[in-house]
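Chain by chain, the residues:
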Amino acid sequence: MTKETNSVPRKKALSAQVADELRARIERGEYAPGDKLPTEPVLIQQFGFSRTVIREAIAALRADRLLESRQGAGVFVLTPPEPSELMLLLAPASDRISDIIEELELRIGIEVEAAGLAAARRSPAQEAEILHQIERFAQLSHEGKPTDEADFCFHMAIAAATNNARFKTFLEHIGRRMIPRVKLRSITGGVDLPSRDHTILAEHSAIADAISAGDTELARETMRTHLQIGLQRYRSMARKVGVLLPDQKADTIKS
């Protein structure tokens, strides 16, 4: 009796592990919308778990509308549904949107100067890497794949082009969660805002053009604009859910 009782949570834990890993692969773009998932025997071999565990994991992702089973064809990856703004605002832990706002304010203080230094100090190889990350972002966006990694690498390439290792170390310490939508997904359990890839690409391109031209002031200004657009977006979201913003917190302390 005890063994049977303990086996149920164990099986659920294993299927959750498989579901989480498959979800991560989809989010990273390893399995893009329309791709066919590996067959059941292949997944059993990859994960080393039973057929029941694999089937439960796939069922969980079907329930999340990430996968679709097609009779006689296999299991396919679906395009994630676009959440409405209302769904996002009702997501749990929305008060932590203030964390994103505070990090964006900090990044403005650091990355605006980094862009200016990159314009003045970049090497040809470093400039090429910045441009490469823009091309990579554009390609991933065109293919409908996640652009988070390319976004992060673009900012890291600029930090490296300052030729001051402390800028790169600082951004590495923050990590990929410095990209607001990455942190938003962790806060809301996967809910995301509608894509801004097209405008982000234009903003990145403007920054890169200024760096390539060696225009330090324009590089700072375009980076400031890029980060402030994101800041304004999350401030607007915070106001809609009644989150106390950093400046409001200061007023509260003074009073």
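Parameters at a glance
The residue count restarts for each chain, going from 1 along the sequence in the order it is written. Thresholds applied to this predicted model are a pLDDT of at least 70 for local features of residues and 80 or more for the giving and counting of side-chain atom pairs; totals over whole chains, interfaces and linings are not thresholded and use all residues. The side-chain values count all of the structure's non-hydrogen atoms but skip hydrogen atoms and water molecules. Grid spacing is 1 Å over the protein atoms alone, the probe is 1.4 Å, and a cavity is where that probe fits but cannot get out, while a pocket is an open set with protein on both sides within 12 Å along at least five of seven lines and lining residues have an atom within 4 Å of a point. Grid points are joined across faces, edges and corners, and a volume is the space filled by probe spheres set on the points. Numbered from the N terminus, helices here are DSSP runs of H or I no shorter than four residues, and strands are runs of E no shorter than two. Exposure is judged per residue with a 1.4 Å probe applied to protein chains only, and the accessible area is read against the type maximum: over 50% gives exposed, under 20% gives buried, and values in between give partly exposed. This arc describes the spread of directions from the helix axis toward the C-beta atoms. By definition, residues are in contact when any of their heavy atoms lie within 4.5 Å. Here the aromatic set is Phe, Tyr and Trp, taking the six-membered ring for Trp, and pairing holds for ring centres within 6.5 Å; pairs whose planes are under 30 degrees apart are stacked, those over 60 apart are edge-to-face, and all others are tilted. Consider the ring centre and the ring normal. A charge sits over the ring if Lys NZ or Arg CZ is within 6 Å of that centre and within 35 degrees of that normal.

- Per an unreviewed UniProt entry, the protein chain is named GntR family transcriptional regulator, and its organism is Advenella incenata.

1. Some words on the layout of surface pockets
Next, step 1: Estimates place the volume of the second largest pocket at around 200 Å³.
Next, step 2: The wall of the second largest pocket is formed by 14 residues, among which Pro38, Glu40, Ile58, Gly74 and Val75 lie closest to the centre.
Next, step 3: Looking at the lining of the second largest pocket, the elements that each hand over two or more residues are α2 (40-47), α3 (51-63) and β2 (74-77).
Next, step 4: For the lining of the second largest pocket, the element with the most residues is α3, which contributes four residues.

2. Description of helix α8 (residues 165-174)
Next, step 1: Within α8 the residues assigned to the buried category are Phe167, Leu171 and Ile174. Down the axis of α8, the buried side of the element spans an arc of 55°, and every buried residue falls inside it. Every exposed residue of α8 that faces more than 90 degrees away from the buried side is listed here: Ala165, Arg166 and His173.
Next, step 2: Tucked inside the fold, the buried residues of α8 contact α5 (97-121) and α7 (148-161).

3. Details of the packing of aromatic side chains
The description of an aromatic ring pair rests on the distance of the ring centres and on the angle between the ring planes.
Next, step 1: Applying the stated criterion across every chain, the model contains zero aromatic pairs.
Next, step 2: Over the ring of phenylalanine 76 we find arginine 70, and its NZ or CZ is 4.1 Å from the ring centre.

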